[in-house]
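# Residue-level structural notes
The primary structure of each chain is shown beneath.
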Amino acid sequence: MKKQALIIGLGFAGSVVARILADAGFEVITLEKRPHIGGNMFEYERCNGVRVHLYGPHIFHTNNEAVYSFLNRFSGFYPYSHRVIGRIDGQLVPIPFNFTSIDKLFPEDKATLYKSKLTKAFGSDCRVTISDLFNTQDSDIRDIANFVHQKVFLNYSAKQWGVPFSELDSSVTSRVPVVIGNDDRYFSDEIQMMPLLGFTDLFEHILNHPKIAINLNSESNRRIQLHPESGKVLLDGIPFNGPVCYTGPIDELFDYSLGALPYRTTDFVFEDYDVNCLQCTPVINYPNEEEYTRITEFKHITLQEVPGKTTILKEYPMAYHFGSNMIPMYPIHNPENRQKYDDYLELGGNYSDLFFCGRLAEYKYYNMDAVVARAMQVADIILATPKYD
Ligand code: UDP
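For the structure given in this document, a descriptive report is provided here. (Residues numbered from 1 in each chain as written. Predicted model: local features only at pLDDT ≥ 70, side-chain atom pairs only at ≥ 80, totals over all residues. Heavy atoms only, no water.)

Around the ligand, 14 residues are found, and the nearest of them are Ser157, Arg175, Tyr186, Tyr330 and Tyr365. In this structure, Trp161 approaches the ligand through a side-chain N or O atom, which is 2.9 Å from an oxygen atom. The contact in question runs from an oxygen atom of the ligand to an N or O atom on the side chain of Tyr330, over 2.5 Å. For the ligand, the protein covers 94% of the area, taking 530 Å² as the surface of the free molecule. With six residues, the top contributor of residues to the shell around the ligand is helix α6 (residues 139–161). Residues of the shell around the ligand, tallied by class, amount to nine nonpolar, three polar and two charged. (Near = heavy atom within 4 Å. Polar contact = N/O pair within 3.5 Å; in protein donor to acceptor, adjacent residues only side chain to side chain. Areas by Shrake-Rupley, 256 points an atom, 1.4 Å probe, with all protein chains shown as cover. Helix = DSSP H or I, 4+ residues; strand = E, 2+ residues; numbered from the N terminus. Nonpolar A, V, L, I, M, F, W, Y, C, P; charged D, E, K, R; others polar.)

Structural data, given as structure tokens:
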């Protein structure tokens, strides 16, 4: 009998599972509700010829060799180290906040004092969290902590998450460290590379397999149902025999029966200009004065040459309303939401063929490399399950 698998969603989670299962001989049916593959990594070329990330800037970085070599099968990559500048007190300074930021924002004697205290406390050329700074006894380091907290994190986070900074889980804000030294890269991972022809091309190659059937514009809730009595997933009303990898919002799959899981979303506003270049760097963060959080100029990321044309993106964070056509983007990490997620997961446990993978299905603020690693793991679990042999 032919082995078959059903994949819902074609972002990284679904696409990677689909490819590994197809390579292993499964006939893979995929359902993607959007008119394109690639999830939030989708890239396209605007009328002016500039390639952009439709759902905000996505930068690949990892310490996971296995993830990188998996993706490398499907695309070449070019070295790209992401850099971000923040506008603070009218100055443009590196984010993560580093020694150059200190030099630009403080008088020379103060800057020298702060840098030497930080180096003494933490060593040189390393990254610490804002909490690490607050946890020291040294009053100068605590002054720096207060400054960074006020000028970099407080207002940006309030805009981004819609709640005061104090209510945020530290796992969110510790994504952006403070650098003890002059390293001005946004990430410190060993591998910082971007797909040569962009993410859409990478996804096209991942999914280009005779055993993968791609169905776009396919709302999964029109095609699949859960059948609690049999513990089976139905596809078009017929029990599906094989693994089902679901990468959409878990609450939607269960018809929000335990209530909606909250998310933040973003209003993306693109602007095209007839100039070569508008800003000096890929991303400028606006932690304080503006309503948007950051402006991305994509040519600095894609390294595309389009003379006389550029496109920028402003990101306005917003509350997400389930049932609207908004896109759930950022899971909101707190104990109450985690409990609700775990309750949904328990419901999912009644369906032995159902596997959850990805930011929405697992309600986790995953980076791209972590999703790929997780998808490789889910595929391995499926392949090791005797009933799917
Ligand atoms: N953050 C901040 N100020 C900044 C950059 C980030 O307060 O200048 C905080 C904010 O809470 C944000 C989090 O750090 O949501 C993670 O930032 P990251 O750049 O990783 O966010 P993403 O690119 O995933 O939107």
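Now, onward.
Our focus in this paragraph is the pairing of strand β20 (residues 310–319). Each regular strand shows side chains that alternate between the opposite faces of the sheet. The element β20 is extensively covered by neighbouring structure, given that seven of its 10 residues are classed as buried. Note: strand β17 (residues 263–273) against β20, 10 bridges, orientation antiparallel. The residue of β20 that forms the bridge with Glu271 is Ile312. The sheet contact formed by strand β19 (residues 294–297) and β20 spans four bridges and is antiparallel. Pairing of Thr296 across the sheet is with Leu313, part of β20. (Buried < 20%, exposed > 50% of the residue type's maximum accessible area, 1.4 Å probe, protein only. Pairing = 2+ DSSP bridges.)

The next point concerns the packing of helix α1 (residues 12–23) against helix α8 (residues 199–207). Axis separation between α1 and α8 bottoms out at 9 Å; the angle between their running directions is 30 degrees. Between α1 and α8, the angle falls in the class roughly parallel. Here Phe12, Ser15, Ala18 and Arg19 of α1 lie close against α8, whose contacting residues are Phe199, Leu202, Phe203, His205, Ile206 and Leu207. In the contact of α1 with α8, the residues fall into seven nonpolar, two polar and one charged. (Axes fitted to C-alpha atoms, helices over the stretch in contact; angles between N-to-C directions. Parallel < 35°, antiparallel > 145°, perpendicular 65-115°, else oblique. Contact = heavy atoms within 4.5 Å.)

Turning our attention to the packing of aromatic side chains. Scanning the entire structure with this criterion turns up 24 aromatic pairs. Look at Tyr68 and Phe77: their rings are 5.2 Å apart centre to centre, the planes differ by 75 degrees, and that puts the pair in the edge-to-face class. On the basis of relative accessible area, Tyr68 is assigned to the buried category, the value being 15%. By relative accessible area, which is 12% here, Phe77 ends up buried. Within the aromatic cluster, the residues linked to one another by ring pairs are Phe97, Phe106, Tyr114 and Phe147. It is Arg34 that lies over the ring of Tyr55; its NZ or CZ is 4.2 Å from the centre. Residue placement shows Arg175 over the ring face of Tyr365; its charged tip is 3.9 Å from the ring centre. (Phe/Tyr/Trp six-rings, centres within 6.5 Å; stacked < 30°, edge-to-face > 60°. Lys NZ or Arg CZ within 6 Å of the ring centre and 35° of its normal.)

So, about unusual backbone geometry. Omega for the peptide link from Ile95 to Pro96 comes to 0 degrees, which places this bond in the cis form. With respect to the helices, strands and loops of the structure, Pro96 is situated in the loop between β8 (91–95) and α3 (99–105). One non-glycine residue, Asp236, adopts positive backbone phi at about 50 degrees. By the secondary structure assignment, Asp236 is in the loop between β14 (232–235) and β15 (238–239). Of note, Leu303 is a non-glycine position whose phi angle comes to about 60 degrees, a positive value.

Here we come to the pairing of β14. Note that strand β13 (residues 224–227) and β14 share four bridges and pair antiparallel. Along β14, the bridge assignment pairs Gln225 with Leu234. Linking two consecutive strands that pair antiparallel, namely β13 and β14, is a turn of four residues; a positive phi of about 70 degrees is found at Gly231 within it. As consecutive antiparallel partners, β14 and β15 are separated by two residues, and within that stretch Asp236 has a phi angle of approximately 50 degrees, a positive value.

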